[in-house]
Amino acid sequence: MKKRILSLLCIAVLCMSLMAGCGGGTQNSAAPESGNTEGWVPTEDIELTVGNDAGGGADLFARKMVEIIGKYDMCPVNITVVNKPGSSHVVGFTYLVETGGDYNMNVVSSSFYAQPISGNSPLTFDDFSYVALVAKDPSLLIASNNSGFETLDDIIAYAKENPGALMLGGSSAISDDAILCEQIKQQCGIDITYVAMEAGSDVLANVMGGHVQLGAMSPAEIGDNLAAGNLKAIAISADDRFEEFGLGDVPTFKELGYEIDHQQHRGFVMAADASPEAVRYFSDLIEQVYNTEEWQQFMEDNCMTGFFMDCDEYSEYNQELIDTYTEFIAMIQENQ
């Protein structure tokens, strides 16, 4: 009888041990899931600064990013888009640097490079931390319907027969639009007068009104007018053709034999004093957004090419972008 009781006690102890072991196993298997929250995590609301007015390209870009983050609860705090327009985004970037810290980011566009290099900004590239690049935004050469131009060859022939008569409108004197104009002049061997305007809407109005024969704009800025046939798309500075807005038949400059493929890079920066942990957190957060179906569709709808680089890759690649803009802006300033 005593032996039987002793055996039952041993079995009971063994069962309790096995149950405890199973419980411990369950806790260990859950550890990797909670491991995603290790490291720096924001505890205050975040400002995402945009250097132009609400409704502009950079603004829509930023708001789509914030929308997706909110939809999937990717961040534990609120992210608010703050518009700081002025001086071709210089006001916005200056605000970012002056505010500093781990709770402020800014959207990168061509002005981030163009303004300091051209001497129109007091900031330097050492004033920033580089978070992520996510897309390349192409430039489209457009013509008014009454221009008589159907192809790039038509434009080249006209320019050679009428020296000094060809005008191309673009936003800002130092911009990707101005760079495209300079590249066409250099590559095609023709004379074009670049007409700097305040905004893309001014370029659109002047091209459609026939005040300038040509314009340089991103496809997303004029998609509805392209689809409606209000303008003619001549060629695009991009890696490949796009199907959106009826652009399937519009060739790239490279297809036409010209080494013109400069595109605006879109991404995010923080101030130089942001902690490496915060920079890495936001780099990873932006990568999560980049991988969503919604973001991929947004890029497709706006004729952007996906181009993700995290904070390490962007920091290394940054010098290449600085060199590219330095080369082109020197050409522009020499001919002004």
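Residue numbers here run from 1 along each chain, matching the order of that chain's written sequence. Restriction of local features to residues with pLDDT of at least 70 applies here, the model being predicted, together with a cutoff of 80 or more for giving and counting side-chain atom pairs; totals for whole chains, interfaces and linings are based on all residues. Note: side-chain values were computed over all heavy atoms of the structure, leaving out hydrogens and water.

K.L.:
Before we go on, may I ask you to explain the overall build of the chain in this structure?
P.N.:
The helix and strand tally for the chain stands at eleven helices and eleven strands. The proportion of buried residues among the 336 residues of the chain is 49%. Should any heavy atoms of two residues lie within 4.5 Å, those residues are counted as being in contact. A fraction of 77% describes how many contacts in the chain between residues 6 or more apart in sequence connect residues 24 or more apart. Per-residue and other accessible areas follow the Shrake-Rupley method at a 1.4 Å probe size, with only the shown protein chains counted as cover for residues. Within the structure as shown, the chain displays about 16000 Å² of accessible surface, and the carbon and sulfur contribution to it stands at 50%. Helix and strand assignments come from DSSP, with helices taken as H or I runs of at least 4 residues and strands as E runs of at least 2, each series counted from the N terminus. When a residue's accessible area, from a 1.4 Å probe over protein chains only, is under 20% of the maximum for its type it is buried; when over 50% it is exposed; and in between it is partly exposed.

K.L.:
Can you walk me through the packing of helix H6 (residues 176-188) against helix H11 (residues 311-335) in this structure?
P.N.:
Between two packed helices, what matters for the description is the angle formed by their axes and the separation of those axes. A fitted line through C-alpha atoms serves as each axis, taken over the contacting stretch for helices, and the angle formed by two N-to-C directions is quoted from 0 to 180°. Where H6 meets H11, the axes come as close as 10 Å, and the angle between the chain directions of the two elements is 75 degrees. With respect to their mutual orientation, H6 and H11 come out roughly perpendicular. Contact residues: H6 offers Asp-176, Ala-178, Ile-179, Glu-182, Gln-183, Lys-185 and Gln-186, while H11 offers Tyr-325, Phe-328, Met-331, Ile-332 and Asn-335. The nonpolar class holds Ala, Val, Leu, Ile, Met, Phe, Trp, Tyr, Cys and Pro. Asp, Glu, Lys and Arg form the charged class, and all remaining residues, Gly among them, are polar. Its residues assigned to classes, the contact of H6 with H11 comprises six nonpolar, three polar and three charged. Any angle between 65 and 115 degrees counts as roughly perpendicular, while under 35 counts as roughly parallel, over 145 as roughly antiparallel, and the rest as oblique.

K.L.:
When you look at the nonpolar core in this model, what are you seeing that I'm missing?
P.N.:
The criterion is simple. A nonpolar core is a set of buried Ala, Val, Leu, Ile, Met, Phe, Trp, Tyr and Cys residues joined through side-chain atoms within 4.5 Å. Val-131, Val-134, Phe-268, Phe-282, Ile-286 and Trp-295 are the most contacted members of the largest nonpolar core, which has 39 residues in total. Elements with a minimum of two residues in this core: strand S1 (46-50), helix H2 (57-71), strand S2 (79-83), strand S3 (104-108), strand S4 (128-137), strand S10 (264-271), helix H9 (276-290) and helix H10 (293-301). The leading source of residues in this core is H9, at eight residues. Val-134 has contacts with Phe-61, Arg-266, Gly-267, Phe-268, Ile-286, Tyr-290, Trp-295, Met-299, Thr-305, Gly-306, Phe-307 and Phe-308, leaving out every residue within four places of it along the chain. Core analysis: the next-biggest nonpolar cluster, separate from the first, contains 25 residues, Ala-178, Ile-179, Val-269 and Tyr-325 among them.

K.L.:
Sorry if this is basic, but what is going on with the packing of aromatic side chains here?
P.N.:
Think of a pair of aromatic rings as described by two things: how far the centres are apart, and how the planes are tilted against each other in angle. Put simply, two rings from Phe, Tyr or Trp (the six-membered ring, in Trp's case) pair if the centres are within 6.5 Å, and we call them stacked under 30 degrees between planes, edge-to-face over 60, tilted for the rest. Counting across every chain of the model gives 19 aromatic pairs. Through successive ring pairs, a cluster of aromatic residues spans Phe-93, Phe-112, Tyr-113, Phe-125, Phe-128, Tyr-130, Tyr-314 and Tyr-325. We count a charge as sitting over a ring when the NZ of a lysine or the CZ of an arginine lies within 6 Å of the ring centre and within 35 degrees of the ring normal. Positioned above the aromatic ring of Tyr-95, the side-chain terminus of Lys-84 is 4.5 Å from the ring centre. Above the plane of the ring of Phe-61 lies Arg-266, whose end atom (NZ or CZ) is 5.8 Å from the centre.

K.L.:
Quick question: what am I supposed to make of the packing of H2 against H10 here?
P.N.:
Two numbers describe how H2 lies on H10: the axes approach to 10 Å, and their chain directions differ by 160 degrees. Put simply, H2 runs roughly antiparallel to H10. Considering the relative orientation of H2 and H10, their crossing is right-handed. Here Leu-60, Phe-61, Lys-64, Met-65, Ile-68 and Lys-71 of H2 come into contact with H10, specifically with Glu-294, Trp-295 and Phe-298. Grouping the amino acids of the contact of H2 with H10 by side-chain chemistry returns six nonpolar, no polar and three charged. Handedness of a crossing is defined here by the sense of rotation of the near helix relative to the far one, left-handed for an anticlockwise turn of less than a right angle and right-handed for a clockwise turn.

K.L.:
How do you make sense of the layout of surface pockets when you look at a structure like this?
P.N.:
Using a probe with the size of a water molecule, rolled over the atoms, empty space left in the structure can be pinpointed. Quantified by volume, the largest pocket comes out at close to 960 Å³. Cavity and pocket criteria rest on a 1 Å grid covering protein atoms alone: a 1.4 Å probe that fits but cannot get out defines a cavity, protein on both sides within 12 Å along at least 5 of 7 lines defines an open pocket, and an atom within 4 Å of a point defines a lining residue. Together, 37 residues line the largest pocket, and Asn-52, Gly-57, His-89, Ser-171 and Glu-221 are the ones closest to its centre. Elements with a minimum of two residues in the lining of the largest pocket: H2, helix H4 (110-117), H6, helix H7 (200-208), strand S8 (214-217), helix H8 (219-227) and S10. Residues that form the lining of the largest pocket fall into these classes: eleven nonpolar, 20 polar and six charged. Grid points are joined across faces, edges and corners, and a volume is the space filled by probe spheres set on the points.

K.L.:
Explanation requested: helix H5 (residues 152-161) in the structure shown.
P.N.:
In an α-helix, one turn spans 3.6 residues, which is why side chains three or four residues apart end up on the same side. Along H5, the positions that sit buried rather than exposed are Leu-152, Ile-155, Ile-156 and Ala-159. Along the long axis of H5, the arc covered by the buried residues comes to 100 degrees, so they all point the same way. In this structure, H5 carries Asp-153 and Glu-161 as exposed residues pointing more than 90 degrees from its buried face. Contacts made by the buried residues of H5 are with strand S5 (139-144), H6, S8 and strand S9 (231-237). Arc, as used here, means the arc of the directions from the helix axis to the C-beta atoms.

K.L.:
Could you clarify how one ought to interpret H10 in this entry?
P.N.:
Within the span of H10, buried status applies to Trp-295, Phe-298 and Met-299. All buried residues of H10 project into a common sector of 95 degrees when viewed along the axis, lining one side. In this structure, the buried residues of H10 make contact with H2, S4, H9 and strand S11 (305-309). Two residues or fewer after H10 comes Cys-303, characterised by a positive phi angle close to 55 degrees.

K.L.:
Sorry, what's going on with the pattern of salt bridges here?
P.N.:
Opposite charge on two side chains makes pairing possible when the charged atoms of those side chains draw close. Salt bridges are identified by distance alone: a Lys or Arg side-chain nitrogen within 4 Å of an Asp or Glu carboxyl oxygen. One pass over the structure, following the stated rule, counts 13 salt bridges. Here Glu-67 and Lys-64 are joined by a salt bridge, their closest N and O atoms 3.2 Å apart. In this pair, Glu-67 and Lys-64 both sit in helix H2, three residues apart, roughly one turn of the helix. Judged by its relative accessible area of 47%, Glu-67 falls in the partly exposed class. Between Arg-241 and Glu-255 there is a salt bridge whose closest N-O contact spans 2.9 Å. Of the two residues, Arg-241 is situated in the loop between S9 and S10 and Glu-255 in the loop between S9 and S10; the sequence distance between them amounts to 14 residues. According to the relative accessible area criterion, Glu-255 is partly exposed, its value standing at 44%.

K.L.:
Teacher, can you tell me more about the sheet that holds S11 here?
P.N.:
Hydrogen bonds along the backbone pair up the strands of a sheet, which may run parallel or antiparallel. Spatial ordering of the open sheet is given by S2-S1-S3-S10-S4-S11, a layout of six strands whose pairing is mixed. Edge positions in the sheet fall to S2 and S11, since each of these pairs with one other strand and no more. Within this sheet the neighbouring strands show an average axis-to-axis angle of 25 degrees, counted without direction. At least two DSSP bridges between two strands are needed for those strands to be called paired. When S4 meets S10, the two strands line up antiparallel, connected through eight bridges. Across the sheet, Asp-137 pairs through a bridge with Gln-264, a residue of S10. Docked against the sheet, H9 engages S1, S2, S3, S4, S10 and S11, running at close to 15 degrees with respect to S4.

In short, geometric facts, not functional conclusions.
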